[in-house]
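# Inside the fold
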Amino acid sequence: GVALGVGVLVAIDLANESAVESFRRSVDDVAGSAQLEVRGNGVGMPGDTFAKVARHPGITAIEPVISGDVTFSGSASTTESLLLLGVDLLGTGDPKGNTIREISFSLHEDLVFQDLLTNSDNIILTERFARRHGLSLGDRVELVAAGFPGMYTIAGVIGAGSIADTLDGNLAVVDLAVADIMLRRRGLLDRIEIRLAEGLDVDRVAEELAATLGGGLVVERPQARSARVDNMVAAFRFNLRALGHISILVGAFLVYNTMSIAVLRRRPVIGTVRALGVSRGAVRLVFLLEGALMGIAGSVLGIIGGVVTAGLLLRPVSEAISINFVQIHGASLVVGWGVLFQAVTLGVGGALVAALGPASDAASTPPANSMRRGSGEVAGSAVPWKSILVGLILALAGMAILSREPRPGLPVAGYLASTFIIGAFAFWSRPFLALISSLAHRPASRFFGAEGLVAVAATRAAIGRSSIAISGLLVSVAMTISVTVMVASFRVTVTSWMEQVLVADLYISPAAAGSGADGPTMPAEFAHRISSLDGVEAVDPFRTWTATIDGQSVRIGSGDFRVPRFTSEDSRGRPMQDVLALARERQGAVVSEAFANKHGREEGDLLVLPTPSGPRELEIIAVYTDYSSEQGYVIFDRNLYNEWFGDELINSVAVYLGADADRDGMRSAIRAIAHEMEGVPGVVIRSNDELRGFALEAFDRTFAVTHILKVIAILVSVLGVTTTLLAQVVDRRQELSTLRYLGATRRRIGKIIVLETGLIIKAGLILGLPSGLIMSWILTRFIMLESFGWTIAFVIPWLLVAQVCVIIFVGSLLAGILPAREAMRSSGDSSSGLGR
């Protein structure tokens, strides 16, 4: 139990931390000694910005940078993403040391240094990457840059060093001019990195530069990018860790049951040593130390298993972060001591807390009772009002937390409310088991005869220990059902939303849709050429990029507001087509729900947008539903975009066809235009159905890790039932032997234990189902809104819920076979049983 709980927590934490640490290291290593960076707040910045920055006093080193994602196609159809870094290669070898970063590389013997500056086919790779793929100097490799495939020669290899080891070696370096050509930046820089003279106040220089350069540009420390990514993925990581902590909790139930077995097995020994004068404290300490040793052993096993599992989880977690937040290049597993220390602390601490009850029970039982078999637990007929009252208090506390309005950020309140609700059901497990065992007498006698009556009586006699098993089972059931319902609800919501907004017949985007601030672009003329084809009714060219507003990354977009035929509505129930027409008329913007929630904005507010010509104000005309970006969207009409940005580039095109248009023929015609036009990369053309399928595939990859957690939760619940029944078998050996003496066959004794198993499982499922549904409602209505700013519909997939319940019921019932066999074995024949 401890090993499973610790293993889950370690795996989740290490996979999360390794993925994010990969991005942090890339920022730190690539930035080198830069203390400040100037970057365009959106679509890049003109090259003449470099001269303005260079004139500022106190700058000792300055470096213009162009960077973006490229795709490497290796053998066996494998692809990897690399960060392409374009820098001034002449400046990197400055003998005076006035460099931001050092890039030492071995040049191919047949080349001269000038070839790197003039030949756009030459690139520099890291030694680590080359060795991993069996590449050497002079080899030709295929890369896709900005959607354009090309063959490149490995002209140099970077040896050991920080920049060579960053991103697990997934780095390619070229000269600035070559990067401009490869990434089609048209003279726009991504950032300018700066190192200052010693003693200057970095923040003050940043303020001075920002004032000098004006709007549309951002001056900040390089680490600010890492901080924004940390903020973006914080809720994602928090949600996964919360599920990991539930595994620790369920593991504690197993420790409790295991320690209960240990106490029961040694009750005569405990009675003997107590009679000989050993103190209660000493007895308690012995069992606490056993619990601690169990926690240590389980934690060590859990860490080993967790590290191995983290390696398996790293890819899906990195994919989830890349799909939803920021591109992760070549993430490698980083084992942090902080994660391991926390896991050991929770594992050992959870085991100690779990062992406290059995240890106290062993210490407090009088010696005479300890030496009497079958005295482990005596049922009381009184209603356990204390458990009912505590459960009621916890439930009311959870409801009080849910009565407040959700606030975007870490979903601490949502999980606290979930904990209180689950705690309430756990406390109610004891009175519920008392009730169900009372009601089960007549049905048990009718359907199962004497074995049924004995099973019900035995469960009621061990009601305390049985309720612990039910608590562990209901927590596992609740977690599994809540995650199942949340994912299904989210999927249904996203599917419904896509059916309302993805209504164009065809969607065209670059084949390599990278994840830079821009992503690959195409000339707007491409959309105009498509609109002239016979059968095309309208086209909607769309431009999107990332900007920083209120210190947070935000997606900005522009499209032709006259074209979309959305069937969706805004937050006030107005048709989106009418809303877009109003926004175009009033030169305002529509913002997504996620943006409005995270930035505290609403309809009618003014929004300051950074542009190359300075900040511009936009009125928020409406708030609309959007699930394509957790960062939030701000969208305005393309005419306004062209006026403010003077940019004739687009990222995608939506095409609306006439009723009689040949869709396949249209695809061929569009590909022909793309092939003919200069500046148009290889394109992907998807129908609305295909695009929905592609988006849902990405959705499923994002939530792939939850399937592993559900499997582990079910496994732990099965083990909980097994250990509980084993504890009861140990405590009832004399009773079982007596039954054998009175003529009960081993098979009938096994049947009794299986019936007890079924009663416990039913109680756990009956309590776990409503608690899981309540928790799933909290996940969908509160935690999702707090984490990502999204409101999603609450949809219960009853078939999936039924499947989960059946799997847990059958699995737990099969787990009852082991205690049943132990009961059959330990009862033996009548004489041996009485002898024991």
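Residues numbered from 1 in each chain as written. Predicted model: local features only at pLDDT ≥ 70, side-chain atom pairs only at ≥ 80, totals over all residues. Heavy atoms only, no water.

## Considering the overall build of the chain
Within the chain, the regular secondary structure consists of 29 helices and 23 strands. Dimensions of the chain along its principal axes, counting C-alpha atoms only, are 95 × 65 × 50 Å. For the chain, the proportion of contacts with a sequence separation of at least 24, taken over those separated by at least 6, is 82%. Averaging the coordinates of the 72 positive side-chain charges in the chain and doing the same for the 79 negative ones gives two points 16 Å apart. (Helix = DSSP H or I, 4+ residues; strand = E, 2+ residues; numbered from the N terminus. Contact = heavy atoms within 4.5 Å. Lys, Arg positive; Asp, Glu negative; His and termini not counted. Charge placed at Lys NZ, Arg CZ, Asp CG, Glu CD.)

## Quick look at unusual backbone geometry
One non-glycine residue, Arg 184, lies in positive phi territory at about 55°. Among the secondary structure elements, Arg 184 is positioned in the loop between α7 (176-182) and β10 (188-189).

## Structural notes on the confidence of the model for the chain
Model confidence for the chain is summarised by a mean pLDDT of 83, while 93% of its residues fall at 70 or above. The spread of mean pLDDT over the elements of the chain runs between helix α29 (residues 830-835), the lowest at 40, and strand β17 (residues 589-592), the highest at 95. Contacts of residues 829-836 to residues separated by more than four positions or lying in other chains number 13 contacts, the stretch itself having pLDDT below 50. (pLDDT = per-residue confidence, 0-100.)

## Observations concerning the sheet that holds strand β16 (residues 552-559)
Strand order in the open sheet made by the nine strands is β18-β19-β17-β20-β16-β15-β22-β13-β23, with mixed pairing throughout. Among the strands making up the open sheet, the edge pair consists of β18 (606-609) and β23 (683-687). For this sheet, the mean inter-axis angle between neighbouring strands, taken without regard to orientation, is 30°. Sheet analysis places strand β15 (residues 536-549) next to strand β22 (residues 652-657), joined by six bridges and oriented antiparallel. Directly across from Val 539, in β22, lies its bridge partner Val 655. In the packing of helix α21 (residues 638-645) onto the sheet, the strands contacted are β15, β16, β18, β19 (616-624) and β20 (633-637), and the crossing angle to β20 comes to about 95°. In the packing of helix α23 (residues 688-702) onto the sheet, the strands contacted are β13 (506-510) and β23, and the crossing angle to β23 comes to about 105°. (Pairing = 2+ DSSP bridges. Axes fitted to C-alpha atoms, helices over the stretch in contact; angles between N-to-C directions.)

## A look at helix α25 (residues 733-741)
When α25 is considered as a whole, its buried residues turn out to be Leu 736, Ser 737 and Arg 740. Projected down its long axis, α25 carries its buried residues within an arc of 100°, all on one side. Positive phi shows up at Gly 743, right after α25, with a value of about 115°. (Buried < 20%, exposed > 50% of the residue type's maximum accessible area, 1.4 Å probe, protein only. Arc of directions from axis to C-beta.)

## Brief notes about the pairing of β17
What you see with β17 is no split at all: Ala 589 and Val 591 on one side and Val 590 and Ser 592 on the other are buried throughout. With four bridges joining them, β17 and β19 adopt parallel strand pairing. Across the sheet, Ala 589 pairs through a bridge with Ile 620, a residue of β19. Here β17 runs beside β20; their pairing, made up of three bridges, is antiparallel. The residue bridging Ala 589 from the neighbouring strand is Phe 636, located in β20.

## Topic: a nonpolar patch on the surface
A contiguous nonpolar surface patch, about 480 Å² in accessible area, is contributed by Leu 293, Ile 296, Val 300, Ile 304 and Val 308. Structurally, the position occupied by Val 300 is in helix α11 (residues 280-324). (Patch = residues over 30% accessible without salt bridge, like charges linked within 9 Å, V, L, I, M, F, W, Y side chains within 5 Å. Areas by Shrake-Rupley, 256 points an atom, 1.4 Å probe, with all protein chains shown as cover. Salt bridge = Lys/Arg side-chain N within 4 Å of Asp/Glu carboxyl O.)

## Quick notes on the nonpolar core
Grouped together as the largest cluster of nonpolar side chains are 127 residues, with contacts concentrated most on Phe 287, Ile 321, Ile 481, Phe 490 and Trp 790. With 20 residues, the top contributor of residues to this core is helix α17 (residues 463-501). Other than its neighbours up to four places away in sequence, Phe 287 contacts Met 259, Ala 262, Val 263, Arg 266, Ile 270, Ala 355, Ala 359 and Ala 362. (Core = buried A, V, L, I, M, F, W, Y, C linked by side-chain atoms within 4.5 Å.)

## Here's the deal with the pairing of β15
Here β15 lies mainly inside the structure; 12 of its 14 residues are buried. Turn length for the β15-β16 hairpin, with the two strands adjacent in sequence and antiparallel, is two residues, and the turn residue Asp 550 shows positive phi of about 55°.

## Here's the deal with the side chain of Asp 637
Structurally, Asp 637 is set in strand β20. In terms of polar contacts, Asp 637 uses its side chain to reach the backbone amide nitrogen of Phe 561, at 2.9 Å. Sequence-distant contacts of Asp 637, defined by excluding residues within four places in its chain, comprise Ser 558, Gly 559, Asp 560, Phe 561 and Arg 584. (Polar contact = N/O pair within 3.5 Å; in protein donor to acceptor, adjacent residues only side chain to side chain.)

## Some remarks on the environment of Gly 338
Position of Gly 338 relative to the elements: it lies in helix α12 (residues 337-364). With 382 residues separating them along the chain, Gly 338 and Gly 720 place their C-alpha atoms 29 Å apart.

## Things to note about the pattern of salt bridges
A side chain with one charge can pair with a side chain of the opposite charge if their charged atoms come near. On inspection of all chains with the given rule, the structure shows 27 salt bridges. With a closest N to O distance of 2.7 Å, Arg 748 and Glu 451 form a salt bridge. Here Glu 451 lies in helix α16 (residues 441-461) and Arg 748 lies in helix α26 (residues 746-788), a separation of 297 residues in the sequence. Arg 748 gets classed as partly exposed once you look at its relative accessible area, which sits at 39%. The buried category is assigned to Glu 451, whose relative accessible area is 10%. Shared partners join several salt bridges into a network, and the residues in it are Asp 570, Arg 572, Arg 574 and Glu 603.

## Examining the packing of α17 against α23
Contact geometry for α17 and α23: axes closest at 11 Å, N-to-C directions at 160°. Taken together, the axes of α17 and α23 are roughly antiparallel relative to one another. For the pair α17 and α23, the sense of crossing is right-handed. Contact residues: Val 487, Phe 490, Arg 491, Val 494, Thr 495, Met 498 and Glu 499 in α17; Arg 692, Ala 695, Leu 696, Phe 699 and Asp 700 in α23. Its residues assigned to classes, the contact of α17 with α23 comprises seven nonpolar, one polar and four charged. (Parallel < 35°, antiparallel > 145°, perpendicular 65-115°, else oblique. Left-handed = near helix turned anticlockwise from the far one by under 90°. Nonpolar A, V, L, I, M, F, W, Y, C, P; charged D, E, K, R; others polar.)

## Some details on helix α15 (residues 412-439)
Taking 1.5 Å of rise per residue, 28 residues should cover 40 Å, and α15 covers 39 Å from first to last C-alpha, within 8% of that figure. Along α15, the helix axis deviates most sharply at Ser 429, where the bend reaches about 40°; the proline Pro 431 sits within four residues downstream. (Expected span 1.5 Å × (residues − 1). Bend = angle between axes of the 7 residues up to and from the residue.)

## Section: the packing of aromatic side chains
The tally for this structure, following the rule as stated, stands at 14 aromatic pairs. Relative to Trp 428, the ring of Phe 425 has its centre 5.5 Å away and its plane inclined at 70°; by these criteria the two rings are edge-to-face. Of this pair, Phe 425 and Trp 428 both sit in helix α15, three residues apart, roughly one helical turn. Ring centres of Tyr 641 and Phe 645 lie 4.9 Å apart, and the angle between their planes is 25°; on these two criteria the pair is classed as stacked. Taken together, the positions of Tyr 641 and Phe 645, both in helix α21 and four residues apart, correspond to about one turn of that helix. Each member of the pair, Tyr 641 together with Phe 645, is buried. Chaining the aromatic ring pairs together yields one cluster made of Phe 490, Trp 497, Tyr 627, Phe 699, Phe 788 and Trp 790. Directly above the ring of Phe 148 sits Arg 184, whose terminal nitrogen or CZ lies 3.7 Å from the centroid. Between the NZ or CZ atom of Arg 686 and the centre of the ring of Phe 694, over which it lies, the distance is 4.0 Å. (Phe/Tyr/Trp six-rings, centres within 6.5 Å; stacked < 30°, edge-to-face > 60°. Lys NZ or Arg CZ within 6 Å of the ring centre and 35° of its normal.)

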